[in-house]
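# Fold and geometry: a report
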Amino acid sequence: MVDMHLYAAFLVAAFALCVTPGPDMMFIVAVGGRGGPAAGVMAAFGVACAMLVHAVAAALGLSALFTTLPTLYHVLRWAGAAYLLYLAVKAFRDRSVPGEEDSPGAGAGLRRAFWQGAITNLLNPKVILFNVAFLPQFVDPDLGHVPGQFMVLGVTIVVMGFAVDGTIGLLSGKLSALLRRSRRVARGLNVFSGTVFTALAVRLSTEG
């Protein structure tokens, strides 16, 4: 279904992209820092699921709408920035006790981390445009099954991205678990997370 030479080149390019620090990775580090290892991994899983949605949209040709409808692009961009600011405010106001992620209500926290990762990625139009610009370079129309080729590439980068981001989320969570022994350090981690969310919101809103 895919040209193996193109696919080999795609693997190299995709790996380089996945290991390069970017907004998603910084977001996952921040979530892991606040919620612990499991929250970091769940945030990475949410991002991966959102990336799969983007891949399906690219395969169906829906992503191309954002290149022809600038208003849609900007609406999504501002919605994403507003959501990140909402998360920043929550982080700055958080006064939770260190270790709460291990409480009986931890399941709700993990679901929250998943949806935060998914929504943040889904509301980033730059991810959509990335799929429009990046994936077609490794698709060979002469082989046919163009949507299928898109899906193979999309699933590949999703799996690779989750492997990298999940590891980052796990490690950042483990480090935070060691640091969150005092309320002061826990508060510092929340401030760090809020700062990251704010920076990502500013970046998304200003890079139009």
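In case you missed it, the structure is sitting above this.
Treat the numbers as computed from the prediction; the structure is a model and nothing was measured. (Residues numbered from 1 in each chain as written. Predicted model: local features only at pLDDT ≥ 70, side-chain atom pairs only at ≥ 80, totals over all residues. Heavy atoms only, no water.)

### Describing the packing of aromatic side chains
- Following the criterion strictly, the structure yields 10 aromatic pairs and no others.
- Between tyrosine 83 and tyrosine 86, the aromatic rings sit 6.1 Å apart at their centres with planes inclined by 35 degrees, giving tilted as the arrangement. Taken as a pair, tyrosine 83 and tyrosine 86 lie in helix H5 (residues 70-93) at a separation of 3 residues, close to a single helical turn.
- Given the relative accessible area of 45%, tyrosine 86 is considered partly exposed. (Phe/Tyr/Trp six-rings, centres within 6.5 Å; stacked < 30°, edge-to-face > 60°. Helix = DSSP H or I, 4+ residues; strand = E, 2+ residues; numbered from the N terminus. Buried < 20%, exposed > 50% of the residue type's maximum accessible area, 1.4 Å probe, protein only.)

### Quick notes on the nonpolar core
- Residues Phe27, Val31, Leu84 and Phe197 are the most contacted members of the largest nonpolar core, which totals 24 residues.
- Once residues lying within four places of it in the same chain are set aside, the contact partners of phenylalanine 27 are Leu84, Leu87, Gln116, Gly117, Thr120, Phe197 and Leu200.
- Counting 17 residues, the second largest nonpolar core, distinct from the first, contains Val2, Tyr7, Ala14 and Cys18. (Core = buried A, V, L, I, M, F, W, Y, C linked by side-chain atoms within 4.5 Å. Contact = heavy atoms within 4.5 Å.)

### Focus on the packing of helix H2 (residues 23-35) against helix H8 (residues 146-179)
- At a minimum axis separation of 7 Å, H2 and H8 run at an interaxial angle of 35 degrees. You can see that H2 and H8 cross each other, and the crossing is right-handed. Across from Met25, Ile28, Val29, Gly32 and Gly33 in H2, the residues of H8 making contact are Val164, Asp165, Ile168, Gly169, Ser172, Gly173 and Ser176.
- Split by residue class, the contact of H2 with H8 holds 5 nonpolar, 6 polar and 1 charged. (Axes fitted to C-alpha atoms, helices over the stretch in contact; angles between N-to-C directions. Left-handed = near helix turned anticlockwise from the far one by under 90°. Nonpolar A, V, L, I, M, F, W, Y, C, P; charged D, E, K, R; others polar.)

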